[in-house]
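Observations on chain architecture
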Amino acid sequence: MRAARLSIGEARRIAVAASGLGRRPPGRKDRRHLAGVVDRLGLLQLDSVNVVGRAHDLVLYSRLGPHPASLVRDAAYRRRSLYEAWCHEASLVPTALWPLLAWRRERMHADRWWRGWVEGKAHLLEALEAEVAERGPLRASQLSVPRAPRQSWWGWDDAKRGLEHLFAIGRLAVADRSGTTGFERVYDLVERVLPAEVLAAPTPADEDARAALVLAAARAQGVATLADLADHHRQRPALVKPIVENLVEEGLLVPVEVEGWHQPAYLHPEAARPRRATARALVGPFDPIVWNRPRAERLFDFRYRIEIYTPAPKRTYGYYVLPFVLGDRLVARVDAKADRKRGVLQVPGAFAEAWADPHAVAGPLAEELRLLTGWHGLDRVEVGERGDLAAPLTLASTRTLR
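Attention in this report is confined to the structure presented alongside it. (Residues numbered from 1 in each chain as written. Predicted model: local features only at pLDDT ≥ 70, side-chain atom pairs only at ≥ 80, totals over all residues. Heavy atoms only, no water.)

Some remarks on the sheet that holds strand S5 (residues 138–139)
The sheet built from three strands is open, its strands ordered S5-S7-S6 with antiparallel pairing. Strand pairing shows two members of the sheet lacking a second neighbour, S5 and strand S6 (172–178), which therefore form its edges. Here six bridges tie S6 to strand S7 (residues 184–189), and the two strands are oriented antiparallel to one another. In the strand pairing of S7, Ala-173 is matched with Asp-188. (Pairing = 2+ DSSP bridges. Helix = DSSP H or I, 4+ residues; strand = E, 2+ residues; numbered from the N terminus.)

Description of the packing of aromatic side chains
This model, assessed by the stated rule, comprises four aromatic pairs. When the ring of Tyr-317 is compared with that of Phe-351, the centres are 5.0 Å apart and the planes differ by 80 degrees; the resulting orientation is edge-to-face. Here the residue Tyr-317 occupies a position in the loop between helix H12 (293–300) and strand S12 (321–327), and Phe-351 occupies one in strand S14 (residues 344–352), the gap between them amounting to 34 residues. According to the relative accessible area criterion, Tyr-317 is partly exposed, its value standing at 26%. Judged by relative accessible area, Phe-351 falls into the buried class, the value being 11%. Geometry around Trp-98 places Arg-105 over its ring, the cationic atom sitting 3.5 Å from the centre. (Phe/Tyr/Trp six-rings, centres within 6.5 Å; stacked < 30°, edge-to-face > 60°. Buried < 20%, exposed > 50% of the residue type's maximum accessible area, 1.4 Å probe, protein only. Lys NZ or Arg CZ within 6 Å of the ring centre and 35° of its normal.)

Focus on the pairing of S14
For S14, a buried count of eight out of nine residues is recorded, marking the element as mostly surrounded by other parts of the structure. Connecting the antiparallel pair strand S13 (residues 329–339) and S14 is a turn made up of four residues, with Gly-343 showing a positive phi of about 70 degrees. Here S14 pairs with strand S15 (residues 380–386) via five bridges, running parallel. When the bridges of S15 are listed, Gln-346 appears paired with Glu-382. With respect to chirality, the unit in which S14 leads through helix H13 (residues 358–375) into the neighbouring parallel S15 is right-handed. (Right-handed = clockwise from strand over helix to strand, strands pointing away.)

So, the side chain of Asp-188
Here Asp-188 shows up in strand S7. Judged by its relative accessible area of 6%, Asp-188 falls in the buried class. One polar contact links Asp-188 to Arg-192, side chain to side chain, over a distance of 2.7 Å. The residues touching Asp-188, leaving out its near neighbours within four places in the chain, are Val-132, Gly-136, Pro-137, Leu-172, Ala-173, Ala-175 and Val-193. (Polar contact = N/O pair within 3.5 Å; in protein donor to acceptor, adjacent residues only side chain to side chain. Contact = heavy atoms within 4.5 Å.)

Let's talk about the nonpolar core
If you look at the biggest cluster of nonpolar residues, it comprises 39 residues, and the most contacted ones within it are Leu-34, Leu-44, Leu-92, Leu-128, Leu-163 and Leu-172. Those elements that place two or more of their residues in this core are helix H2 (31–41), helix H3 (55–64), helix H4 (70–77), strand S4 (89–94), helix H6 (122–135), helix H7 (158–168), S6 and S7. With residues up to four places along the chain from it excluded, the contact list for Leu-44 reads Leu-34, Val-38, His-56, Val-59, Val-72, Ala-90, Ser-91 and Leu-92. If you look at the next biggest cluster of nonpolar residues, it comprises 33 residues, including Tyr-61, Ala-352, Ala-390 and Leu-393. (Core = buried A, V, L, I, M, F, W, Y, C linked by side-chain atoms within 4.5 Å.)

A closer look at the sheet that holds strand S9 (residues 254–258)
If you walk across this open sheet you meet the four strands as S1-S9-S10-S8, and the pairing is mixed. Looking at the sheet topology across the chains shown, the edges are occupied by strand S1 (4–6) and strand S8 (223–225). Each adjacent strand pair in this sheet contributes to an overall mean axis angle of 45 degrees, direction not counted. Pairing between S9 and strand S10 (residues 265–267): three bridges, direction antiparallel. (Axes fitted to C-alpha atoms, helices over the stretch in contact; angles between N-to-C directions.)

Comments concerning the environment of Asp-74
Inspection of the secondary structure puts Asp-74 in helix H4. You can call Asp-74 partly exposed: its relative accessible area is 26%. For Asp-74 and Arg-31, which are 43 residues apart along the polypeptide, the C-alpha to C-alpha distance reads 8.8 Å. Those residues in contact with Asp-74 that lie beyond four places of it in its chain are Arg-31, Arg-79 and Arg-80. Polar contacts involving the side chain of Asp-74 include one to the side chain of Arg-79, which spans 2.8 Å.

Following this line, the structure appears as structure tokens:
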């Protein structure tokens, strides 16, 4: 049977709707709104960079608009409805997912990041776990275990890396975030962090757990290739392929052909198929709509790279660039920074996509920047001169203040 065909426009509208980028709910946002976003997306990716906002808060902002800064912290580190796990990189996931990720924790010893390092580290790992058991919750900087410096990408020594390994395999959990940056992990025994009923829940067979994650990915993406589905929870495509084939046979995924895509695609049977999209949102670099760069390019014709680690003279767009979603397209990108001391949202550069009309984009973007400025408690937007969108945006930003 020939697969149904979708135009690229239909695929975009399905993807935008599935991601929750549309009309934001009115009124004050509370834990129910957070739960709705997490249930739709499956997880919130974490990142330490706080130029405009934390990665997880920006994902919520894009879908909910202004919301209390305590919303995620309360869910993750007070009520424990979310917990930290290696999922799509470092992520916050629903606590109920603990049994579904058992296969990943069990395989972390053999992960390329840990393989070789753990050899000969049994005594260190035992000492770290014992100290946390006796004195926890603890940050790495509070350890009394002797610190033997060993530099890595993040400057971790063996003690910090040991804590991270114990966290990755599920012996420790992240009880809180604190320290001078407010984002340093605080470790404790997993049984003192996660609810007992979650830890006691039966562990499904690996294939059943992986299938549940593939379905969650399909729901979050709406329409996706096999590689897209695997990427959502960082599964290996080769292992996901037979699972996807079984889900198709069971009618839980619908095979489709998408205009311009060279790979087979799959539609979640409950995915909304709107005739038009009404999204208007700035999204962060770690938002699910753009975190898979090949998918963003294939779906939106939007080539996006993070330039944080690129030397300033070699950057194309800027240090921390936010894509702008309008309707069902990624129409522009802005380099942004919240200057909290001056009360200013700085926009050194603003760039429309080659096919987009800067003057048509400027008005909606100015409104979005004004909303973002208010959420941060800042006084104004300060637009620089870089980019073809800068001048129209400056004019439109002035008009929004009248």
